[in-house]
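Close look at the chain arrangement
If you want the building blocks of each chain, they are given just below.
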Amino acid sequence: MHQLNNYLMKRIIVLTAALMCCIAVTVQAAGDEKNGHAYFTKAELPDMTKILPPFPAFESARFVADQSQHLWGKLMRQDEARAAQAQRDAVYSMQTIIDEFGPLFGLDITKEDTPEIYSILQDVCASCDSIYSDAKAKFNRQRPYAYYNEGTLVPEKEEKHRYEGSYPSGHTVFGWVSALLLSDICQSTESMEKLLTRGYEFGQSRVIAGYHWQSDVDAGRMAGDVLYQLIRSHERFIAQLAKARTEFKEKTGQTVGVNSAIVVSHPATRAYRLDGTPATDATQGIIIEGGQKVVRK
């Protein structure tokens, strides 16, 4: 009986420790800054194998186009700047998006300074994997560098991805959806053009790096469009987007934050425009006068 009690006590200790580990892992995952909180589970998303067309059969006419683009990608590697960009784009992380898209977005994105933008980007990035991972496994297309048995621009990742499906491109989904989101936040036509161009290039980097066929990348953009359309209807996203847009405007000086103003009908000395330049006697509108915002008529 004593031995049985000891055995049961040891089992309880082991099971308790295992349970605590599981709880710790669950808590860590729920608050993981890198992964964020996805808007949907895989079960809630459409099956992309039923939406995407089949990838081009090897040696088909469509596959010839893929081969042509593969040669284009290898030629682009001779451009040092473009090759370096493709290598940077190969790092699948939110920090890559921040580093590469931030300058075009017009604002440094950090958890401390732009918490609303950081949070929504975090959650959108966390949602990308679920739309393409099952499709990649089901289609199970051979990657170009494996097909040709050749090297890539990112040799350290070759063995890891050699037997992983190529269609659709997950990196393309990630970059394209990120570009759509940041364009949605800034709401600037000029910035949108730059961001979407960079988002397009993010996908093309996979062709240049040798990890994907062009049709993989095209399918990745389609999957990204499907995902972002669904995300935009999510209630949590809608609320986050409104906060992110407000934060962007505040951080980029697009709002002056004037809740009330003193109305005067005569000029005064030491008056300044909101941009800090001196105001003249003829200046009208909201100016800084005597340390206060004033509406001059």
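Residues numbered from 1 in each chain as written. Predicted model: local features only at pLDDT ≥ 70, side-chain atom pairs only at ≥ 80, totals over all residues. Heavy atoms only, no water.

1. Points about the overall build of the chain
Across its full length, the chain holds 12 helices and 4 strands. Considering only contacts within the chain whose residues lie at least 6 apart along the sequence, 73% involve residues at least 24 apart. (Helix = DSSP H or I, 4+ residues; strand = E, 2+ residues; numbered from the N terminus. Contact = heavy atoms within 4.5 Å.)

2. Points about the nonpolar core
Within the largest apolar cluster, 45 residues are counted, with the highest numbers of intra-cluster contacts made by F105, I120, I185 and F237. Put simply, the parts of the chain that give this core at least two residues each are helix 4 (94-105), helix 5 (115-127), helix 6 (129-139), helix 9 (170-186), helix 10 (189-209), helix 11 (214-231) and helix 12 (235-251). Every residue in contact with F237, bar those within four places of it in the chain, is listed here: Y39, I120, V124, L181, Y228, I231 and R232. Counting 9 residues, the second largest nonpolar core, distinct from the first, contains A90, V154, I208 and A209. (Core = buried A, V, L, I, M, F, W, Y, C linked by side-chain atoms within 4.5 Å. Buried < 20%, exposed > 50% of the residue type's maximum accessible area, 1.4 Å probe, protein only.)

3. Re the packing of helix 4 against helix 10
For the pair helix 4 and helix 10, interaxial distance at closest approach is 9 Å and the crossing angle is 150°. In terms of their interaxial angle, helix 4 and helix 10 are classed as roughly antiparallel. The element helix 4 and its partner helix 10 pack so that their crossing is right-handed. Contacts between helix 4 and helix 10 involve T96, I97, E100, F101, L104 and F105 from the former and S191, K194, L195, R198, G199 and F202 from the latter. Within the contact of helix 4 with helix 10, the residues separate by chemical class into 6 nonpolar, 3 polar and 3 charged. (Axes fitted to C-alpha atoms, helices over the stretch in contact; angles between N-to-C directions. Parallel < 35°, antiparallel > 145°, perpendicular 65-115°, else oblique. Left-handed = near helix turned anticlockwise from the far one by under 90°. Nonpolar A, V, L, I, M, F, W, Y, C, P; charged D, E, K, R; others polar.)

4. Details of the side chain of S130
Here S130 lies in helix 6. A residue is classified by how much of its surface remains accessible, and S130, at 17% relative accessible area, is buried. If we skip the residues at most four places from it in the chain, S130 touches F40, K42 and L45.

5. A look at unusual backbone geometry
Cis rather than trans, the peptide bond between Y167 and P168 has omega equal to -5°. Locating P168 in the fold gives a position in the loop between helix 8 (158-161) and helix 9. Here E59, not a glycine, exhibits a phi torsion of approximately 75°, which is positive. Structurally, E59 can be placed in the loop between helix 1 (2-30) and helix 2 (61-76).

6. Quick look at the packing of aromatic side chains
Tallying each qualifying case throughout the model produces 16 aromatic pairs. Judged by centre distance (5.0 Å) and plane angle (90°), the rings of F58 and F63 are edge-to-face. Its relative accessible area of 33% is what places F58 among the partly exposed residues. The class of F63 is buried, set by a relative accessible area of 0%. Ring geometry for F139 against Y167: centres 4.9 Å apart, planes inclined by 90°, an arrangement best described as edge-to-face. Residue F139 is located in helix 6, and its partner Y167 is located in the loop between helix 8 and helix 9; the two are separated by 28 residues in the primary sequence. Residues F139 and Y167 agree in their burial class; the two are buried. (Phe/Tyr/Trp six-rings, centres within 6.5 Å; stacked < 30°, edge-to-face > 60°.)

7. Thoughts on the environment of P54
Note that P54 resides in the loop between helix 1 and helix 2. For P54, a relative accessible area of 58% puts it in the exposed group. Put simply, P54 and A219 are 165 residues apart on the chain and 9.7 Å apart in space, counted from C-alpha to C-alpha. When near neighbours in sequence (up to four residues on either side) are disregarded, P54 contacts R62, F139 and Y167.

Everything listed here is a matter of geometry and, on its own, says nothing about what the molecule does.
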